[in-house]
Amino acid sequence: MSHKVLIIGAGGVGRVVTHKCAQLPEVFGEIMLASRTKSKCDSIAAELKRPIQTAAVDADNVPELVKLLKDFKPEVVINVALPYQDLTIMDACLEAGVHYIDTANYEPKDVAKFEYHWQWAYQEKFKAAGLTALLGCGFDPGVTNVYTAYALKHHFSKIDTLDILDCNAGDHGKAFATNFNPEINLREVTANGRYWENGQWVETKPLEIKRSFPFPDGIGPKNIYCLYHEELESLTKHIPMRRARFWMTFGDAYIKHMEVLVNVGMTGIHPVKHKGVDIIPIEFLKTLLPEPGTLGPDTKGKTCIGNWIEGTGKDGQFKRYYVYNICDHQECYRETNSQGVSYTTGVPAMIAARQLLTNPAEYRQPGVWNVEQLNPDPFMEDLNKYGLPWLETFPTEPLPGEPAAK
């Protein structure tokens, strides 16, 4: 049985989601791609081997979204627009009776703070409507959450520590560029860091904690920085653990550019007067920087994202486990005209939609869910099947910079 899906957002991730859905006509029989700028949707549609519908929609406008949903009548919306628009799209889905999937949690436009509580507050509304909302179905959050649930189900009786390691070892040849929406990326990186330990959040200065990690598959040692990432909030809520941290790689040139931009105020999120006109510095900066969706043809190298988990195994003994995916930027571009960062986010969103539509017993329960609350096995199977194969290892040495297990 084939289904109708509406994809909202025509950036790099939207391109990947559309390509991957189009590859499965037996699941996604009718596809519509909508964005504020219809020409972007039309450009993506022209890349496909099968026809899809396109539309213009303002994702900040609930009545406009509801009209589109009622006209097209999709079973599910895949929201890959801006995180600021999560709540308006959720409101529209409730009014139109449509299931909801996104890849990033809600973030107010005027506050550099992303948390799940705004979306978790919709639990009873979705439950009463008989609708499902699956939150954070990209890679991180998303696959990293599934990895954690899978590790607990198959390898651990108790997780002690979780370290999520996100490496983009790609080179786009630009002096400075971000691999996804610059506004979101820079807000995320310049904020204070946080990690979970002993039942509370420990706050750090931006990029204060630095380590080096030897990434697999020939990537080699890279500097990793501890920062806050949204999956830590849901994972520590749903799976007991003593400590949870998130690490991301940044090159020295990226750090230097970012320091200068912060110091001169270009990452500010509040309006400033320029020649009598209010402008928001980070929005102006976004205009100057390369559009992430254009980086695909020139980006070479690999990504490696995975979970390093330590705890008590099913046999009661100490266990160390590392599960990860490797993606090649050029291979991703050949398949979907997008680089690896967009690919690793877009593929899981398609998988979440496929599971919701074809596996309702496990992935279509009424309410608002993070993916670690669901059975990880079918999601893990689909990762291998649809372009994000995973490898698992059992390291004998501790995470670099950590003491050996007692």
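Keep in mind the model is a prediction, meaning the values are calculated, not measured. (Residues numbered from 1 in each chain as written. Predicted model: local features only at pLDDT ≥ 70, side-chain atom pairs only at ≥ 80, totals over all residues. Heavy atoms only, no water.)

1. Thoughts on the state of the cysteines
This is how it is decided: The disulfide criterion is simple: two cysteine sulfur atoms within 2.5 Å. Relative accessibility decides the category of a residue: with a 1.4 Å probe and only protein chains considered, values under 20% of the type maximum give buried, values over 50% give exposed, and everything between is partly exposed.
This model, assessed by the stated rule, comprises 0 disulfides. Free cysteine Cys93: the closest other cysteine sulfur is in Cys137, separated by 13 Å. Here Cys93 falls in the buried class, since its relative accessible area comes to 0%.

2. Re the domain arrangement of the protein chain
Defined as follows: Domains are outlined according to an automatic or database domain assignment. Contact definition: two residues touch when any of their heavy atoms are within 4.5 Å. Here the quantity called buried area is the accessible surface, traced with a 1.4 Å probe, that two parts lose on coming together, added over both. The term salt bridge refers to a pairing of a side-chain nitrogen on Lys or Arg with a carboxyl oxygen on Asp or Glu at a separation within 4 Å. Two N or O atoms count as a polar contact when they lie within 3.5 Å, although within protein this holds only if one can serve as hydrogen donor and the other as acceptor, and sequence-adjacent residues are included solely when both atoms are side-chain atoms. Segments assigned H or I by DSSP are reported as helices when at least four residues long, segments assigned E as strands when at least two residues long, and all are numbered from the N terminus. Here the nonpolar group is Ala, Val, Leu, Ile, Met, Phe, Trp, Tyr, Cys and Pro; Asp, Glu, Lys and Arg are the charged ones; every other residue, Gly included, is treated as polar.
Segmenting the protein chain into domains produces domain 1 (3–138 + 341–386) and domain 2 (143–336). In this structure, domain 1 and domain 2 have C-alpha centres spaced 22 Å apart. Counting from both sides, the interface comprises 38 residues of domain 1 and, opposite them, 38 residues of domain 2. The largest per-residue losses of area from domain 1 upon contact with domain 2 belong to Phe114, Val341 and Glu372, which jointly make up 22% of the total buried on that side. Counting across the domain 1 and domain 2 interface gives 2 salt bridges. Lys153 is the partner of Asp377 in a salt bridge, and the nearest nitrogen-oxygen pair spans 2.9 Å. Linking domain 1 to domain 2 there are 12 residue pairs in polar contact (both at pLDDT 80 or more). Put simply, the parts of the chain that give the side of domain 1 that touches domain 2 at least two residues each are helix H1 (12–22), helix H5 (117–120), helix H13 (340–358) and helix H15 (376–385). Examining the composition of the side of domain 1 that touches domain 2, we find that 5 residues originate from one element, H15, more than from any other. Here the residues of the side of domain 1 that touches domain 2 are counted per class, giving 19 nonpolar, 10 polar and 9 charged.

3. Considering the nonpolar core
Put simply, the test is: We define the nonpolar core as a collection of buried residues of types Ala, Val, Leu, Ile, Met, Phe, Trp, Tyr and Cys that are connected through side-chain atoms lying within 4.5 Å of one another.
Judged by nonpolar contacts, the single largest core of 84 residues is most densely connected at Ile7, Phe28, Ile78, Phe250, Phe379 and Leu383. Per-element tally for this core: the top contributor is H13, with 9 residues. No fewer than three residues from each of domain 1 (3–138 + 341–386) and domain 2 (143–336) sit in this core. The contacts of Phe250, once residues within four sequence positions are left out, are Val189, Leu207, Asn223, Tyr225, Leu227 and Ile255. One finds Met32, Ala34, Leu69 and Val77 within the second-largest nonpolar core, a separate group that totals 31 residues.

4. Let's talk about the sheet that holds strand S5 (residues 99–102)
Put simply, the rule is: Any two strands with at least two DSSP bridges between them are considered paired. Only C-alpha atoms enter the line fits that serve as axes; for helices the fit covers just the stretch in contact. Angles between N-to-C directions range over 0 to 180 degrees.
As summarised here, the arrangement of the 7 strands in space is S3-S2-S1-S4-S5-S6-S17, forming an open sheet in which the pairing is parallel. The sheet terminates laterally at strand S3 (53–56) and strand S17 (367–370), the two strands that pair on one side only. If you compare each strand with its neighbour and ignore which way they point, the axes differ by 20 degrees on average. In this sheet, S3 lies alongside strand S2 (residues 28–35) in parallel orientation, the contact comprising 4 bridges. Along S3, the bridge assignment pairs Ser35 with Ala56. Across the sheet, H13 lies against strand S1 (3–8), S2, strand S4 (76–79), S5 and strand S6 (132–135), angled at about 155 degrees from S5, the strand it touches most.

5. Concerning the pattern of salt bridges
Summed over the entire model, instances satisfying the criterion amount to 18 salt bridges. A salt bridge links Arg243 to Glu402; the shortest N-O distance between them is 3.4 Å. On the criterion of sequence distance, the pair formed by Arg243 in strand S12 (residues 243–249) and Glu402 in the segment after strand S18 (390–393) is long-range, its members being 159 residues apart. Each of the two residues, Arg243 as well as Glu402, counts as buried. The structure contains a network of salt bridges with shared partners spanning Asp163, Arg211, Arg243, Arg245 and Glu402.

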